[in-house]
Amino acid sequence: MRPPVVAWLTAPPPPGSPPPAPGPSPAERSTATPAPPRRSSPLEEFALHQNEPPQPLPFDAPSRTSPLTALSGGLYILIAVALTVGTMSSVRGAAEGWGPADFPITLLLVQIGLVVRGLSDTVGWWFRTYRLEEDQLVLDQGILARRRKVVPYRRLQQVDISRGPVAQLVGLAAVRFSTAGDAGSSAVTLRYLDHRQAEVLRSWLLATRDRLTEETTDGGPSRPPPPERPILALEPARLVLAAVTSTSNLILVGIALLAAVVLTGANVLIPEGPPARLVGLTTSGIFLMAFGVALGTVTTLLDTWQWELASRGDDLVSRRGLLTTRNVSLPRRRVQLVMLSDNPVRRALGVVQVSVDSAAPAGASDGARIVIPLVDRAHVADLLQTAMGTDQWVPPPLTPRTAPALRRAVLRRVVLCALLGVLLVVAWAVPGTLSDSMLAGLLVGVLVVATAIGVPWGRVAHARAGWARTGTVVSFAAGVISHVQSVQPINRIQSARTTASPFQRRVGLATCAMDVAGATGAPSLYDMDAVEARHLRQELPRRAAVAPAPMPADFEPEAESQFSVVE
Amino acid sequence: MNDAPDLDSPVGGRTDPDASVPDTPTSPGDTSATTVAVALDGSVQRLDPRIRRLWVVAPGIPLTLIAVAVAVVALVRDATGLVVAAPFVVLAVMLVLLAVWAVLRWRCWRWSVWPDAIELSYGVIVRTESLVPFHRIQQIDIRRGPLERLVGLASLEVHTAAATSDAWIPAVDEDLADPLRRALLERAGVDDAT
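Nothing here was measured: the structure is a model prediction, and the numbers come from that model.

**Re helix α8 (residues 247-269) of chain A**
Residue and element names in this part refer to chain A.
Here's step 1: The first and last C-alpha atoms of α8 sit 33 Å apart over 23 residues, in line with the 33 Å expected at 1.5 Å per residue.
Here's step 2: All of the buried residues in α8 are Asn-249, Ala-256, Ala-259, Val-262, Leu-263 and Ala-266.
Here's step 3: Tucked inside the fold, the buried residues of α8 contact α7 (236-244), α9 (276-303) and α12 (403-429).

Spelled out as C-alpha cells, the structure:
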C-alpha cells in the first residue's frame, strides 16, 4: 500500500473575516537567477583600477598561497630548536654532558607541539591550493586527509582580512570567507596571502558577488569597484575610554571592592583577627581582579587600535587592531540586528557601544559583526542613519513593562544580594570566629543591606527595560550592569517564541524572544506582559513576509556621508 | 492575526486525542493511498500517544540495568533478601514517576498548522510556545531513532535560518512523517531537493 498523502483541509472562514493572504510566490522569495556573467578578463578590469597584484588571481589553474607561509611554519621549528639549545646550555655545562633525564617533560611536550605545528604549516602549505572558478572559490587542503571547501560567490557574506604580528612583519595576511549563516557551515580561511593580493582578491570577490546577485545586468562596461567613503574614525583617547569602561572591567572592580569591604569588616568585627587563610584568599582574589582589569584593558586596546569605519558600495568596512589587524566587511543588506550596549559608568558618561550583526555561522567568534567601541549617545541616530543609509534603525522609544514585572525585578535582586551576603557571612563565620549574637546581627544587617541595594537596583532595571515596535523594527531593552537594547527589523525575524515559568504565569508575564538568522542568540525580553508577548509572537513572524525592509529598495550607496568623520 | 484558539476545545479538525490521524480513503476502489486530512485552521494536534511509552522506556532501560547491576552486586556480597530487593523497589517507584511525567508531557504538547505558520506549545512546568512562519522554513528533517522505529514513530525538525529556532514535532506516525513533511515544504514553497 502506498504511503498516505496529506491533504490540506481549509475550514471555511468565519463570516466577516478577510480572506487569507496568499503566501509569497517562490519567485519573489528566491534569489533572482542572474544572466550568465560576462567574462572579459577579470584581471584586466582590476588592473585598471588597482595596483598590479604581485601574483595573478588563480582563475584557471589552482595556485598555492604565498610561499612565505612555509616560512612561518619554519619559525615554529626554529623556536623549538632554540628552546633545545637554550635548555642544553643552561641545565648543565656542556663539558659535563647531559642526559635525557635532565630534560623537563613539559618543555619536551611544548617542543613537540611546536615542531608538529611548524611541520604542518610548512608541509601543509605545499598541499594547500585554491582556485577561482566560474561561480565559486575552491580550496583544497590537508596532508593526509584531503578536504575540499567551496565558497559560492553568490552566498558570500563577509570577507575578513586579518594580520597577526608575524604576518605584519613579513607582509602577509589571512583571508576568511563566511557565507550567509546556516548553523553548521564554518568559515573558510586562506593562509597566508601577500597582503596586497588579499585586498585585490577581496575586492574582486565582493564585486563578483554583487554582480551575480543584482537583478538586472546592463550591457554597459563593468562598473569599477565603488569608492570607499569614511564614516567614522575613533581617536586613541576614545579607544582608551572604551577599553577602561568595559562591562567586564566594571564587574571585576565591583567584585574587588566587595572583597575589600568584606575584608575590612572582618578585621573590625572579629575580635582576635580574621583567619589567615581567608584573608590570604581574599587578598589574592583582589589582586587577581586587578590583574584581570589590566589585562582586559590592554587586550581590548590592542584589539581596537586605530578603529575606522567606512562604506564601500553596499558593504560596511571596519578596520582595527595593532598586533593583529583585522579588516572586516559586512554587506548592509545582510544586517540582521543592531545592538546598543552600555553599563552604569558608560551611561553616566553618555556613551554607548553599537554592534551591527549579520547572520553568523555557528562558531564564529567575531566574524559576523562590526562593533563600534564607543559613540556618544547623542550621535547614535546620526551614525546609524549614515552607516545604514536609513533612519529606520534608530532605536525607537520604549514601552515599559508592567507593575508585576517591577515587583519581580526588585524581588530577584533583593534575594540575590541577600543570598550572596549570607554566603559571605557564613563563609567567614564557619571557623567559629564569631559569637552567636554577632552572627545573628550580621545576618539581619545583610538583609537590610540587601534590601537597600536590591530595591533601587530593581527599580532602575525596570525603568531601563522595555520594548517597542514600529512598522519596520522591533526593539527589546533590558539590564542594568549590562544594558542592551536590540533593534531588529521585522522582516528579518525567523521565528518567535514565548516562554513562561509557573511564577510568571501566575502574574500574567512571559518572556518573548525573536529568532535571528545565524547562530546569534535571539533578542528577548524577560517578564513582558503575557498578552502583549503572545501578540508579538503570533504577529511579527507572519508580518516578516510583508513588512518593509529598513533598507529602501532603491538604496543609493553613493550618498554623501553626513556624519563627522573623526570622533 | 487572531489569537490562538482555546487549546482545550479545538475548532474543527481532530478532537479525539487518542487516535493519531483519521484515515479517509479517497474512493472505494482505490486502496493504493489513504488521504490524511490535517486542518489548516490552527486546530490543535496532539503528539502520537505512543510517544508516552517511549518516554518511559527510553530512560527506563538504563535504570533497569542499573538496578539489576546493584542487585547482582548485593547478591554477590551475600546480602539479605531485603537489600537485594531494594533496587527493584526504587526502580518501580521511578518507573511510576516516569509514566506520570510522560503522560503530563504528552498532554502538554500541542502543535497546530495555520495557513501561514506552524505553532507549537509544549512544556509541563515552563511552557514554551513558538511560531514558525512557512516562508522561513529552510528544511525539515525526519529523525527516527532505534526506539522510535520499534514503536513506529518519527520526529520532524523544522529548520529556519536561525540556529535558535526550536520547531520540533517529536512524535508523528512514521507513515505520516514523509507525506506531512512534503506537504509542509510544498506549502512553504521550498523545493524538496531529495
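Next comes the rest of the description.
**So, the packing of aromatic side chains**
Aromatic rings considered in pairs are described by the distance between their centres and by the relative angle of their planes.
Here's step 1: As enumerated under the stated definition, the model contains 4 aromatic pairs over all chains in all.
Here's step 2: When the ring of B:Trp109 is compared with that of B:Tyr122, the centres are 5.0 Å apart and the planes differ by 15°; the resulting orientation is stacked. Taken as a pair, B:Trp109 in the loop between α2 (81-108) and β4 (110-113) and B:Tyr122 in strand β5 (residues 117-122) lie far apart in primary sequence, 13 residues in all.
Here's step 3: The rings of B:Trp109, B:Tyr122 and B:Trp168 are connected pair by pair, giving a single aromatic cluster.
Here's step 4: One residue, A:Arg64, lies across the ring of A:Trp125, its end atom 6.0 Å from the ring centre.

**A few points about the pattern of salt bridges**
All names here are of chain A.
Here's step 1: Applying the stated criterion across every chain, the model contains 29 salt bridges over all chains.
Here's step 2: The partner of Asp-194 in a salt bridge is Arg-196, with the nearest N and O atoms 3.4 Å apart.
Here's step 3: Linked through salt bridges whose partners overlap, the residues forming this network are Glu-228, Glu-308, Arg-312 and Arg-319.

**Section: the confidence of the model for chain A**
Residue and element names in this part refer to chain A.
Here's step 1: For chain A, mean pLDDT is 80; residues scoring 70 or higher make up 78% of the total.
Here's step 2: Within the model, the stretch residues 215-221 combines pLDDT values under 50 with 4 contacts to residues more than four positions away or in other chains.
Here's step 3: Note on residues 557-567: pLDDT is under 50 here. Beyond four places in sequence and across chains, it has 34 contacts.

**What about the domain arrangement of chain B?**
All names here are of chain B.
Here's step 1: On domain assignment, one finds that chain B holds domain 1 (52-105) and domain 2 (110-188).
Here's step 2: Taken residue by residue, the interface counts 7 residues in domain 1 and 5 residues in domain 2.
Here's step 3: Summed over both partners, the interface of domain 1 with domain 2 comes to about 560 Å²; 94% of that surface belongs to carbon and sulfur atoms.
Here's step 4: For the interface between domain 1 and domain 2, the tally reads 0 salt bridges.
Here's step 5: Looking at the side of domain 1 that touches domain 2, the elements with two or more residues in it are α1 (50-76) and α2.
Here's step 6: Examining the composition of the side of domain 1 that touches domain 2, we find that 4 residues originate from one element, α1, more than from any other.

**Regarding a nonpolar patch on the surface**
Residue and element names in this part refer to chain A.
Here's step 1: A contiguous nonpolar surface patch, about 640 Å² in accessible area, is contributed by Leu-68, Leu-71, Leu-75, Leu-78, Val-166, Leu-169 and Val-170.
Here's step 2: Listing elements by their share of the nonpolar patch, those giving two or more residues are α3 (68-91) and α5 (165-170).
Here's step 3: Among the elements that make up the nonpolar patch, the one with the highest residue count is α3 (4 residues).
Here's step 4: Mapped onto the fold, Leu-169 is located in helix α5.
Here's step 5: Judged by relative accessible area, which is 75%, Leu-169 ranks as exposed.

**Quick look at the pairing of strand β6 (residues 156-163) of chain A**
All names here are of chain A.
Here's step 1: With 7 of its 8 residues buried, β6 lies for the most part within the structure.
Here's step 2: Bridging between β6 and strand β7 (residues 172-179) involves 6 bridges; their strand directions are antiparallel. Paired with Ile-161 across the strands is Val-175, a residue of β7.
Here's step 3: Sheet topology note: the β6/strand β12 (residues 325-331) ladder contains 4 bridges and is antiparallel. Bridge pairing links Asp-160 to Val-328 in β12.

**What about the sheet that holds strand β6 (residues 127-133) of chain B?**
Here's step 1: Taken together, 7 strands build an open sheet; the order of strands is β21(A)-β20(A)-β19(A)-β6(B)-β5(B)-β4(B)-β3(B) and the sheet is antiparallel. For this open sheet the edge positions go to β21 (524-529) of chain A together with β3 (44-46) of chain B, each flanked by a neighbour on one side alone. If you compare each strand with its neighbour and ignore which way they point, the axes differ by 20° on average.
Here's step 2: Sheet topology note: the strand β19 (residues 496-500) of chain A/β6(B) ladder contains 5 bridges and is antiparallel. Paired with A:Thr499 across the bridge in β6(B) is B:Thr128.

The rules behind these values
Residues numbered from 1 in each chain as written. Chains lettered and ligands numbered in written order. Predicted model: local features only at pLDDT ≥ 70, side-chain atom pairs only at ≥ 80, totals over all residues. Heavy atoms only, no water. Helix = DSSP H or I, 4+ residues; strand = E, 2+ residues; numbered from the N terminus. Expected span 1.5 Å × (residues − 1). Buried < 20%, exposed > 50% of the residue type's maximum accessible area, 1.4 Å probe, protein only. Contact = heavy atoms within 4.5 Å. Phe/Tyr/Trp six-rings, centres within 6.5 Å; stacked < 30°, edge-to-face > 60°. Lys NZ or Arg CZ within 6 Å of the ring centre and 35° of its normal. Salt bridge = Lys/Arg side-chain N within 4 Å of Asp/Glu carboxyl O. pLDDT = per-residue confidence, 0-100. Domains from an automatic or database assignment. Buried area = accessible area lost by both parts, 1.4 Å probe. Patch = residues over 30% accessible without salt bridge, like charges linked within 9 Å, V, L, I, M, F, W, Y side chains within 5 Å. Areas by Shrake-Rupley, 256 points an atom, 1.4 Å probe, with all protein chains shown as cover. Pairing = 2+ DSSP bridges. Axes fitted to C-alpha atoms, helices over the stretch in contact; angles between N-to-C directions.

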